[in-house]
Each structure stands twice: as structure tokens, then as C-alpha cells.
Amino acid sequence: NTVVVLWASWSPRGRDVAERVREIARAAGGGARVVAVNYQEDGETVRTFLATSPFPVDVYLDTDGSFAKRYRVATLPGLLILKNGEVAFQGRLPEDAGRVVSEALK
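A. Inspection of the packing of aromatic side chains at higher detail. Considering all chains together, one arrives at 4 aromatic pairs under this definition. Relative to Phe-55, the ring of Trp-7 has its centre 4.9 Å away and its plane inclined at 50 degrees; by these criteria the two rings are tilted. You can see Trp-7 sitting in strand 1 (residues 2–7) and its partner Phe-55 sitting in the loop between helix 2 (43–52) and strand 3 (58–62), a full 48 residues away along the chain. Classification of Trp-7 by relative accessible area gives buried; the value is 1%. The buried category is assigned to Phe-55, whose relative accessible area is 12%. Members of the aromatic cluster, connected to one another through ring pairs, are Trp-7, Phe-49 and Phe-55.

B. Local environment of helix 2. Of all the positions in helix 2, only Gly-43, Val-46 and Phe-49 are classed as buried. Buried residues along helix 2 cover an arc of 130 degrees about the axis, so they all sit on one side. Those residues of helix 2 that are exposed and angled more than 90 degrees off the buried face are Arg-47, Ala-51 and Thr-52. On its buried face, helix 2 is in contact with strand 1, helix 1 (17–28), strand 2 (33–39) and strand 3.

C. Focus on unusual backbone geometry. For the bond from Leu-76 to Pro-77, the omega torsion is -10 degrees, close enough to zero to count as cis. One non-glycine residue, Arg-72, lies in positive phi territory at about 55 degrees. You can see Arg-72 is positioned in the loop between helix 3 (66–70) and strand 4 (78–83). One non-glycine residue with positive phi stands out, namely Asn-84, at about 55 degrees. Turning to its location among the elements, Asn-84 is positioned in the loop between strand 4 and strand 5 (86–92).

D. Layout of the pairing of strand 3. Both strand 2 and strand 3 contribute to a ladder of 5 bridges, which runs parallel. When the sheet's bridge partners are listed, Asn-38 is paired in strand 3 with Leu-61. With respect to chirality, the unit in which strand 2 leads through helix 2 into the neighbouring parallel strand 3 is right-handed.

Reading the values: the criteria
Residues numbered from 1 in each chain as written. Predicted model: local features only at pLDDT ≥ 70, side-chain atom pairs only at ≥ 80, totals over all residues. Heavy atoms only, no water. Phe/Tyr/Trp six-rings, centres within 6.5 Å; stacked < 30°, edge-to-face > 60°. Helix = DSSP H or I, 4+ residues; strand = E, 2+ residues; numbered from the N terminus. Buried < 20%, exposed > 50% of the residue type's maximum accessible area, 1.4 Å probe, protein only. Arc of directions from axis to C-beta. Contact = heavy atoms within 4.5 Å. Pairing = 2+ DSSP bridges. Right-handed = clockwise from strand over helix to strand, strands pointing away.

If you want it as C-alpha cells, here you go:
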């Protein structure tokens, strides 16, 4: 099982994304790997953002947007939950993301 948070530093709704990723990681417990995928930004921009807002999970770059396109994530920050290789949730990162993750991974 994998939980993915898609984000971009320029997104106004993404300013508190590090805190929200921490909440998701706690909610997932050991039931899923939690990662963050940055949408279409360069490595230096991401490193600068993470220097002041570190994430408790691995961060990957989707520099050309192909990951977001593949999973049809059109709103940032976005949440994608894969359970047993199947999409269990995809869409906007909800305010109650911890609950959504817990429910999807049951």
C-alpha cells in the first residue's frame, strides 16, 4: 500500500503541506508507505522549500507532470492512495486526510 501526496511550493493551499504529510504518515502507521511527489518544479526549488518545511517522508520530483497525468491528479495538493496496487482514493488533499487514509487502508 502506498499513500502519495502531490504538491507544489507555489500552490497557496500547499503552504502547510509538510504538517499535513506528517499527519498522513501517522494515520498510515505501518500499513502503507507514504511519499510526497512534487509537481513540475526543479530540484533546487524543492530543496529550498524543504529546508524550511521538511517532510518526514521521501520526496520525489514529477518534473514533467507525467505521474500526475497518469493518475489524473488535477488539483494540488492532491492525495493518491494505492491499496494492493489499485487506486483506493484520488483527488484533492482533504482537510481530514488522516481519516481518509485510515478508512481507505482498512
